[in-house]
Amino acid sequence: MMTVHQVSELAGVSIRALHHYDRIGLLAPAKVTEAGYRLYDDTALERLQYILLFKELEFPLKEIKGILDSPSFDRNLAMEQQIRLLEMKKEHLEKLIGLARGIKTTGVRKLDFTVFDTQKMKDYARQAKESWGETPAYREYQQKAAHRSPEEERQLGIGLMGIVAEFGPLKELDPGDEAVGVQVKKLQDYISGHYYTCSNEILSSLGQMYTGDYRFTENIDRAGGPGTAAFIHRAIQAYCQGAGTPTSP
């Protein structure tokens, strides 16, 4: 675990910014001590890396949150883009260093301003940004979130976790039980109503994320009790396969 001061020094992000990220639900600490100190684990630091990447692509913080919380978020693609951007910046800096050394050694013999051209990096950043704005789910989330305040977003999150917690008492049932299916449908409808159209395909991806992402697993199990995330995953699988899909009331 790292303190907010340590994270600030490591990532070059101000403490004030980290506090702001927490307030708007963009980057929550893994734990808050009784004394009120924020502590960050490796999962939080990984998310911070993605946040900084999308800031490099000039995304607003609200849009970054939508991307990272989307079930279609491709972590491998994000890292590939980050690596490529860093490589391009490295190449740019090496050219500038070479020019500076040449001037120091032999003086200015030829006027060459091409090394100052950053258009290639700008074009790549633009293309990368466009690739993250193309998914229908993300566009829909943008439209719905455009006029919501951080407090409204927080209340929606509380409502979502309330539905998640309701899976806790159902864990003794078969994942394909009709009562469980009703609860899955309730979760799906809530996401569709407030975030983006939650098709069965997207719902299935969410179920995988609930057990595949330590951060989600821990939060869900805290709300519904140990094993809730794994149970929701199985319940969603059963629902999407048609087993126990509830009829409309």
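Above this note sits the structure.
Note that the coordinates shown come from a computational prediction; the quantities given were computed from them, not determined experimentally.

What to know about the pattern of salt bridges
In the structure shown here, the tally under the stated rule is ten salt bridges. Measuring nitrogen to oxygen at the nearest pair gives 2.9 Å for the salt bridge that ties K185 to D189. Of this pair, K185 and D189 both sit in helix α9 (residues 178-194), four residues apart, roughly one helical turn. Connected through salt bridges with shared partners, the residues R47, K65 and D69 form a single ionic network.

Looking at the nonpolar core
Across soluble globular proteins, you tend to see nonpolar side chains buried next to one another. Grouped together as the largest cluster of nonpolar side chains are 30 residues, with contacts concentrated most on V184, L187, I191, Y195, Y196, L206 and Y210. Listed by contribution, the elements that provide at least two residues to this core are α7 (136-145), α8 (150-165), α9, α10 (200-212), α11 (214-224) and α12 (228-240). When residues in this core are grouped by element, the largest group, six residues, is from α12. Ranked by size, the runner-up nonpolar core spans 25 residues in total, among them L18, I67, F73 and A78.

Description of the sheet that holds strand β3 (residues 38-40)
Taken in spatial order, the three strands make up an open sheet running β1-β3-β2, and their pairing is antiparallel. Two strands lie at the open edges of the sheet, namely β1 (2-3) and β2 (31-32), each paired on one side alone. Looking at chain direction, β1 and β3 are connected through two bridges and run antiparallel. Bridge pairing in β3 links M2 to Y40.

What counts as what
- Residues numbered from 1 in each chain as written.
- Predicted model: local features only at pLDDT ≥ 70, side-chain atom pairs only at ≥ 80, totals over all residues.
- Heavy atoms only, no water.
- Salt bridge = Lys/Arg side-chain N within 4 Å of Asp/Glu carboxyl O.
- Helix = DSSP H or I, 4+ residues; strand = E, 2+ residues; numbered from the N terminus.
- Core = buried A, V, L, I, M, F, W, Y, C linked by side-chain atoms within 4.5 Å.
- Buried < 20%, exposed > 50% of the residue type's maximum accessible area, 1.4 Å probe, protein only.
- Pairing = 2+ DSSP bridges.

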